[in-house]
Amino acid sequence: MWPREAVFAETHNEQPSNGLWQTLAEEIDLSGYWETRLALRLRSDPEQKPFSLAETRLQLEGERDFDAFTIEVTADIVFDAVSDERALGLDGDGDYVDLRRASVSFSPLDFVDIKVGRQILTWGTGDLIFINDLFAKDWRSFLLGRSVEYLKAPTDAVKASFFSTAANLDIVYVPEFGADRYIDGSRVSFFDPATAGLRGRSNPLTTDEPSGWFTHDEVSARFYRTLGPFEVAAYYYDGYWKSPAGLRPDLERAFFPRLHVYGASLRGPMFGGISSAEFGFYDSQSGASRTPLIQGNEIRALVGYERDLGQELTLGLQYSFEHKQDSDFDIAEDARFEAPQKNRHLLTLRLTKQFWQQRFEASVFNFYAPKDKDGHLRLKAAYKFSDAIKLEAGLNIFYGSQATFFGQFKRASNLTTALRFNF
Amino acid sequence: MRVFSVGLISLLLPQTAMAQAPATLSAMEIVEKANHAIFYQGGDQKARVDMLITDKQGRERTRQLTLLRRNFGASDTDQKYYVYFNKPSDVKKLVFMAWKNTGADDDRWLYLPALDLVKRIAASDERTSFVGSDFFYQDVSGREINEDVHRLVGEDDDFYIIESTPKNPKDVEFSSYKNWVDKTTFLPKKAEYLNDKGIVYRAYKALKIEIIDGFATVIDAQMENRNTGSTTRLHYFDINYDIGLPEDIYSERYLRKLPKAFLK
C-alpha cells in the first residue's frame, strides 16, 4: 500500500512477529513506562522522612478487543522506599501493585455503553478543582509530588452511559464506598486543631470507613448535552464525603458522613477562550447543622477561563467560592473547636509554555486563598530527550500560616525529579 | 457501487475533461479548486499518518496517528476531524477532536485517557506547530481562502503559480506565500512561505501523489523550516474515501470509547 522507503520501513514493519514477547505485546497492545521519581522535602518535618518520594514504578498497560467486549488493564508495579508498609495489595501506597484499571466494556444496545470494573473516572469543568466530580482522588500523590495523572485514584464501579440526540446520561454505581487517598498524617503531616499542632506518622488519623457491598454504596449521575458550541450538564451524587469530614464523639476517630450533591456546569467558547462555570450544593448528613463534629452544608462554585496567548503559551484562571451554611449551634461556646471560615475564596493561575518544537514544557500552577493568604505553587519543567525518554523536575511549595488549608502542608513542600522511559 | 463509479470517472477525467480545462481560470478559481483538492475530497476520509520530525541536529521523533475527517454543511466549508494517536507511547490513545467552523473559531477537544479527562481547548493560534511538527494546525485543517488575496503570477504547461498575501498581516508570520498548483489534479506540488525580507523560510513539497478511490491524493509530503533547520515528513497510508463515517463519532462518547471499526 505504501512505498517501503528506508526512512519509514521500521515504523511500517507489520511482518509476522518473531518472538513470544513480541506476539504477546501485539496481542494485548502492550505499552507503558518505567519511571523513577525522587522528591526531597525542602523543610524538615520531625514527623516525616526527608524524602517525600523515592520510588520506581513500572506501568504496564494492555488492551484486548473481543467480538462483543474490550478488556483493559493498567497496573503499576511499585517499589517505594519511603513507605513503611510493604503489602501485596492492589492499591498503591505501600502495596507492591497499584492497579489503575481492570475493566470490561461493551455496548449491549447501540445507544448504551457499559464499563464494569476498576476505572479512572472524571467529569466537571474545574482545573484541579472538583465540585461535582466526587470520584476518588489521590491527594497524597498530589501533595507528595507524583505526576498529576495520579491525582485520580481508581474507582471500582459500573458505569452505564446512555446516548440520545436530545441528551446523554451517565450513571456510575460504586457498590462499596471508595474514599479518597486522603491526608492522614502517614506520609504528609496535617494541622490538628485539637492540639494546635502538626499530626504525622507517629499518630496518623484513624477513620471508620463505611464498608459493605450494596449497603454503603455510591451513585453519581451526569445528564449532559451540547447547545451549539456550549456543553451543559447537571449532576447528582448520593454517597459520603470522600475525605473524612466528621469526628466521632471521642474526638479521635474520623469518619465519612453521608453526602448528597446537586450541581450543574456550563462550558464553551467565550471572550476568545474557553470559559466555564460550575456549582454544587453539598447536602451533608442530616443533623450536621446541630453539631460541630460534622462538616455542614456548603455551596461551592467556580468560574474559569482559559486562552491561548500565542507562541504556544496558554493561560488559565479560576475563581472558586465555598460558602458554609449557618449552623444551629454556637461554636464560640465550645473551646475545643475553632469556628470554620464561613466563606472561602480561592484563585488559581495556570501558565503553560512549550519550547523547542514541544520538546520542552514549562508550567506554573498556583492556588491562592486571599483571605488567609495561603496557597500552593506548582512549578514543572519537562524535557523530552526522545519519544521514549523524558526528564522532569518540579517544585511543590505550600505557603501560609500553619493553621490554614495550604499552610498546614508547608513542611511537605518538595523538590521532585523523575526520569521516565516510555515503551 | 458509488465509490467504484466515482473512481472510474476520475480515471477517465485526466485524458478527457481535464485536457479541455479552460485556459482562463481566475486566481480565485484555482485557489478554490486547490483548497478542495487538498482538504475536501470525498464526503469523508480515513488515513493513517506517519510523521517523522528531524531537527537540525539530526535527532528524530515520530508520531503515528489516524485521521478521520468528514465534511459538513455546504461544500468546502465545515468539517470535523477525529485524530487518534497510535504512537509513540507517551501520547498513545490520546484523541484530538476539532470541529472546523468556516468563518469562526474551531471547537477543539482533547481526551487524556490517563485522567479520563475530556478537555476543551482554546482555539489556538492556527500558525503554531501541530503536535510538535513543522506543520501548523492550518496546514493540516486548511487556511480559509478569503484570509488572503490571491494572484496568478505565473503559469507553464504543468503548474499555475499563485501568490497569496494576507489581508491581516499582523495575524501571521509570513508576508506572502506561493503555491505551485498542478494543472491536472489541482494539488499544490510545492509551496514557499516568504518573510518580510522576501526570503523563503518555510517550504512544502508534495513528494508523491497517488489516485486513491478515484481521488488524486498526496501520500508523501515534507515541510521544511529553514529558520530552525527542522524538517517534517508525512507519510499517509491506509487511505480510504467515503467510508460512511457516522456523524456521532465526533462527540464526547467516542472520545472515551474509540470508534474502533474506523480506526483499524
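These numbers come from a predicted model, not from an experiment.

Undergrad: What is the right way to look at the overall build of chain B in this model?
TA: From N to C terminus, chain B includes five helices and 13 strands. Overall, the C-alpha framework of chain B stretches about 55 × 50 × 35 Å when taken along its three principal axes. A separation threshold of at least 6 residues defines the contact pool for chain B, and within that pool the share at least 24 residues apart is 46%. Carbon and sulfur atoms make up 53% of the accessible area of chain B, which totals about 11500 Å². Computing the positive centroid from 38 side-chain charges and the negative centroid from 39, chain B places the two 5 Å apart.

Undergrad: Looking at this structure, how should I read the nonpolar core?
TA: Nonpolar side chains tend toward joint burial in soluble globular proteins. Among the nonpolar cores identified, the biggest contains 45 residues, and Ile30, Phe85, Phe96, Phe130, Val181, Phe186 and Tyr204 of chain B are the most heavily contacted of them. If you tally residues by element for this core, the top one is helix 2 (residues 27–40) of chain B, at seven residues. Aside from chain neighbours lying at most four places away, what touches Phe130 of chain B is Met51, Leu65, Phe96, Phe135, Phe136, Tyr137 and Val140 of chain B. Listed in part, the 36 residues of the second largest apolar core include Phe130, Phe256, Leu302 and Phe367 of chain A.

Undergrad: Please explain the pattern of salt bridges as it appears in this structure.
TA: Two side chains of opposite charge can pair, provided their charged atoms sit close to one another. All names here are of chain A. Throughout the structure, instances matching the rule amount to 58 salt bridges over all chains. Salt-bridge contacts for Arg146 lead to Glu55; the nearest nitrogen and oxygen are separated by 2.9 Å. In this pair, Arg146 sits in the loop between helix 3 (139–144) and strand 6 (155–163) while Glu55 sits in strand 2 (residues 51–65), placing the two residues 91 residues apart along the sequence. With its nearest N and O atoms 3.9 Å apart, the salt bridge here joins Arg57 to Asp98. Linking Arg57 in strand 2 with Asp98 in strand 4 (residues 97–109), this pair joins segments that are 41 residues apart in sequence. Take Arg57 and Asp98: they sit in the same class, and that class is buried. One network of salt bridges, with partners in common, ties together Glu55, Arg57, Asp76, Asp98, Arg100, Asp138, Arg146 and Arg181.

Undergrad: Got a minute to help me understand the interface of chain B and chain A in this structure?
TA: Note: interface size is frequently given as the accessible area lost on complex formation between the parts. Across the contact, 52 residues belong to chain B and 53 residues belong to chain A. When chain B packs against chain A, the two sides together hide about 4500 Å² of surface, and 45% of this comes from carbon and sulfur. It is Arg61, Arg120 and Arg253 of chain B that lose the most area in chain B upon contact with chain A, and together they represent 16% of the buried surface on that side. The interface formed by chain B and chain A holds twelve salt bridges in total. Here Asp55 of chain B makes a salt bridge to Arg359 of chain A, at a shortest N to O gap of 3.7 Å. Broken down by secondary-structure element, the contributors of at least two residues to the side of chain B that touches chain A are strand 1 (44–54), strand 2 (60–71), strand 5 (107–112), strand 6 (117–121), strand 11 (200–212), strand 12 (215–225), strand 13 (230–241) and helix 4 (252–256) of chain B.

Undergrad: Looking at this model, I keep getting lost on helix 2 of chain B. Mind explaining?
TA: Helical geometry: 3.6 residues make up each α-helical turn, so side chains three or four residues apart lie on a common side. All names here are of chain B. End to end, helix 2 covers 19 Å across 14 residues, agreeing with the expected 20 Å (1.5 Å per residue, within 8%). Those residues of helix 2 that fall on the buried side of the exposure criterion are Ala27, Ile30, Val31, Ala34, Asn35, Ala37, Phe39 and Tyr40. Note on helix 2: the residue one or two positions beyond its end, Gly42, has a positive phi of about 75°.

Undergrad: Even after reading the chapter, I still don't get the side chain of Gln358 of chain A, so can you show me in this structure?
TA: Checked against the element boundaries, Gln358 of chain A lands in the loop between strand 19 (343–355) and strand 20 (360–369). Of note is the side chain of Gln358 of chain A, whose polar atom sits 3.0 Å from the backbone nitrogen of Gly132 of chain B. Setting aside residues no more than four positions away along its own chain, Gln358 of chain A makes contact with Glu312 of chain A together with Arg61, Ser129, Val131 and Gly132 of chain B.

Undergrad: Explanation requested: the confidence of the model for chain A in the structure shown.
TA: In regions of low pLDDT, the predicted coordinates are not meant to be interpreted in detail. Looking at chain A, pLDDT values average 90 and 93% of them are 70 or higher. Note on residues 1–14 of chain A: pLDDT under 50 across the span, and 26 contacts to partners over four residues away in sequence or across chains.

Undergrad: Looking at this structure, how should I read empty space enclosed by the protein?
TA: Residue and element names in this part refer to chain B. Tallied over the entire structure, the rule returns seven cavities of 30 Å³ or more. Counted as a void, the largest cavity has a volume near 890 Å³. Residue lining of the largest cavity: 44 residues in total, with Ile38, Phe39, Asp139, Val140 and Tyr204 positioned closest to the centre. Here the element with the most residues in the lining of the largest cavity is helix 2; it accounts for six residues. Grouping the amino acids of the lining of the largest cavity by side-chain chemistry returns 29 nonpolar, nine polar and six charged. Along the walls of the second largest cavity sit Leu67, Tyr81, Val83, Phe96, Ala98, Asp106, Arg108, Phe130, Tyr137, Val140 and Ser141, which together make up its complete lining. Listing elements by their share of the lining of the second largest cavity, those giving two or more residues are strand 3 (79–87), strand 4 (95–100) and helix 3 (137–141). The residue makeup of the lining of the second largest cavity, split by class, is eight nonpolar, one polar and two charged.

Undergrad: Mind showing me how you'd approach the packing of aromatic side chains here?
TA: For any pair of aromatic rings, the description consists of the separation of the ring centres together with the inter-plane angle of the planes. Applying the stated rule across the entire model yields 34 aromatic pairs over all chains. Ring geometry for Trp213 of chain A and Phe214 of chain A: centres 5.8 Å apart, planes at 75°, overall edge-to-face. Trp213 of chain A sits in the exposed class, given a relative accessible area of 55%. In this structure Phe214 of chain A comes out as exposed when scored by relative accessible area, which is 56%. Over the face of the ring belonging to Phe405 of chain A we find Arg344 of chain A, whose NZ or CZ atom lies 4.4 Å from the ring centre. Sitting over the ring of Tyr193 of chain B, Arg202 of chain B keeps its end group 4.9 Å from the ring centre.

Undergrad: Please explain the sheet that holds strand 13 (residues 246–247) of chain A as it appears in this structure.
TA: Strand pairing in a sheet is mediated by backbone hydrogen bonds. Such pairs are either parallel or antiparallel. Ordered in space as 10-14-13 (chain A), the three strands form an open sheet in which the pairing is mixed. Two strands in the sheet have a free side with no partner beyond their single neighbour: strand 10 (206–208) and strand 13 of chain A.

About the cut-offs
Residues numbered from 1 in each chain as written. Chains lettered and ligands numbered in written order. Predicted model: local features only at pLDDT ≥ 70, side-chain atom pairs only at ≥ 80, totals over all residues. Heavy atoms only, no water. Helix = DSSP H or I, 4+ residues; strand = E, 2+ residues; numbered from the N terminus. Contact = heavy atoms within 4.5 Å. Areas by Shrake-Rupley, 256 points an atom, 1.4 Å probe, with all protein chains shown as cover. Lys, Arg positive; Asp, Glu negative; His and termini not counted. Charge placed at Lys NZ, Arg CZ, Asp CG, Glu CD. Core = buried A, V, L, I, M, F, W, Y, C linked by side-chain atoms within 4.5 Å. Buried < 20%, exposed > 50% of the residue type's maximum accessible area, 1.4 Å probe, protein only. Salt bridge = Lys/Arg side-chain N within 4 Å of Asp/Glu carboxyl O. Buried area = accessible area lost by both parts, 1.4 Å probe. Expected span 1.5 Å × (residues − 1). Polar contact = N/O pair within 3.5 Å; in protein donor to acceptor, adjacent residues only side chain to side chain. pLDDT = per-residue confidence, 0-100. 1 Å grid on protein atoms, 1.4 Å probe; cavity = no way out; pocket = protein on both sides within 12 Å on 5 of 7 lines; lining within 4 Å. Points joined across faces, edges and corners; volume = space filled by probe spheres on them. Nonpolar A, V, L, I, M, F, W, Y, C, P; charged D, E, K, R; others polar. Phe/Tyr/Trp six-rings, centres within 6.5 Å; stacked < 30°, edge-to-face > 60°. Lys NZ or Arg CZ within 6 Å of the ring centre and 35° of its normal. Pairing = 2+ DSSP bridges.

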